[in-house]
Amino acid sequence: AFAAAALYAGFLVGGTQQLAITTTMAKTSMSFGQAFVKAVMCNWMVCMAVFLSEAARDLGGKMVGIWFPISAFVAMSMEHSVANMFLIPAGIMAGGNVSVGQKILKKWVPGCLRHA
């Protein structure tokens, strides 16, 4: 729904459109195993952010605690299932050549299996 709102608002044009398509194509072109390992690594970083946030006593410490693990998994292009629920539909709506089957089998299944 948020990807559709971004498309309607005119955010998926020009460089943003190309970035959305490139990101979607890259995320759906990796193997199932790679996606699963990246999802597990992302879950590890999210857990680290929660741990560091809980260890801090004040708001500034909590913000710094979550900043580095979250920045790391974004910079390393790890697979976060909730983030992919925006990124991949946005790339498809921007014109990326990805089927719904590719999206489900290559992204959502490995992303959900990491919680098992």
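Calculation criteria
Residues numbered from 1 in each chain as written. Predicted model: local features only at pLDDT ≥ 70, side-chain atom pairs only at ≥ 80, totals over all residues. Heavy atoms only, no water. Salt bridge = Lys/Arg side-chain N within 4 Å of Asp/Glu carboxyl O. Helix = DSSP H or I, 4+ residues; strand = E, 2+ residues; numbered from the N terminus. Buried < 20%, exposed > 50% of the residue type's maximum accessible area, 1.4 Å probe, protein only. Polar contact = N/O pair within 3.5 Å; in protein donor to acceptor, adjacent residues only side chain to side chain. Disulfide = S-S within 2.5 Å. Core = buried A, V, L, I, M, F, W, Y, C linked by side-chain atoms within 4.5 Å. Contact = heavy atoms within 4.5 Å. Patch = residues over 30% accessible without salt bridge, like charges linked within 9 Å, V, L, I, M, F, W, Y side chains within 5 Å. Areas by Shrake-Rupley, 256 points an atom, 1.4 Å probe, with all protein chains shown as cover.

(A) Focus on the pattern of salt bridges. For the coordinates displayed, the defined rule picks out one salt bridge. Measuring nitrogen to oxygen at the nearest pair gives 3.3 Å for the salt bridge that ties Glu 79 to Lys 27. Note that Glu 79 is positioned in the loop between helix H4 (59-75) and helix H5 (81-93) and Lys 27 in helix H2 (residues 14-29), a separation of 52 residues in sequence. Using a relative accessible area of 6% as the deciding quantity, one classes Lys 27 as buried.

(B) Structural context of unusual backbone geometry. A positive phi angle, close to 55°, is found at Ser 77, a residue other than glycine. Looking at the element boundaries, Ser 77 is found in the loop between H4 and H5. Of the residues examined, Ser 77 reaches a relative accessible area of 34% and is grouped as partly exposed.

(C) A look at the side chain of Thr 28. The residue Thr 28 is located in helix H2 in this model. Reaching out from Thr 28, the side chain makes a polar contact with the backbone oxygen of Thr 24 at a distance of 2.8 Å. From its side chain, Thr 28 meets the backbone oxygen of Met 25 in a polar contact 3.5 Å long.

(D) Just the state of the cysteines, in detail. Counted by the stated rule, this structure contains zero disulfides. For the unlinked cysteine Cys 47, the closest cysteine sulfur is that of Cys 42, found at 9.5 Å. Judged by relative accessible area, Cys 47 falls into the partly exposed class, the value being 45%.

(E) A look at the nonpolar core. Ranked by size, the top nonpolar core spans six residues in total: Ala 3, Leu 12, Ala 20, Ile 21, Ala 90 and Ala 94. Setting aside residues no more than four positions away along its own chain, Ala 90 makes contact with Ala 3, Leu 12 and Ala 20. If you look at the next biggest cluster of nonpolar residues, it comprises five residues, including Cys 42, Ala 72, Phe 73 and Met 78.

(F) Structural detail: a nonpolar patch on the surface. Together, Phe 32, Phe 36, Val 37, Val 40, Met 41, Val 100, Ile 104, Val 109 and Leu 113 give the surface a local cluster of nonpolar side chains, amounting to about 680 Å² of exposed area. Breaking the nonpolar patch down by element, the ones donating at least two residues are helix H3 (32-55) and helix H6 (100-113). With five residues, the top contributor of residues to the nonpolar patch is H3. Structurally, Val 37 is set in helix H3. Given the relative accessible area of 45%, Val 37 is considered partly exposed.

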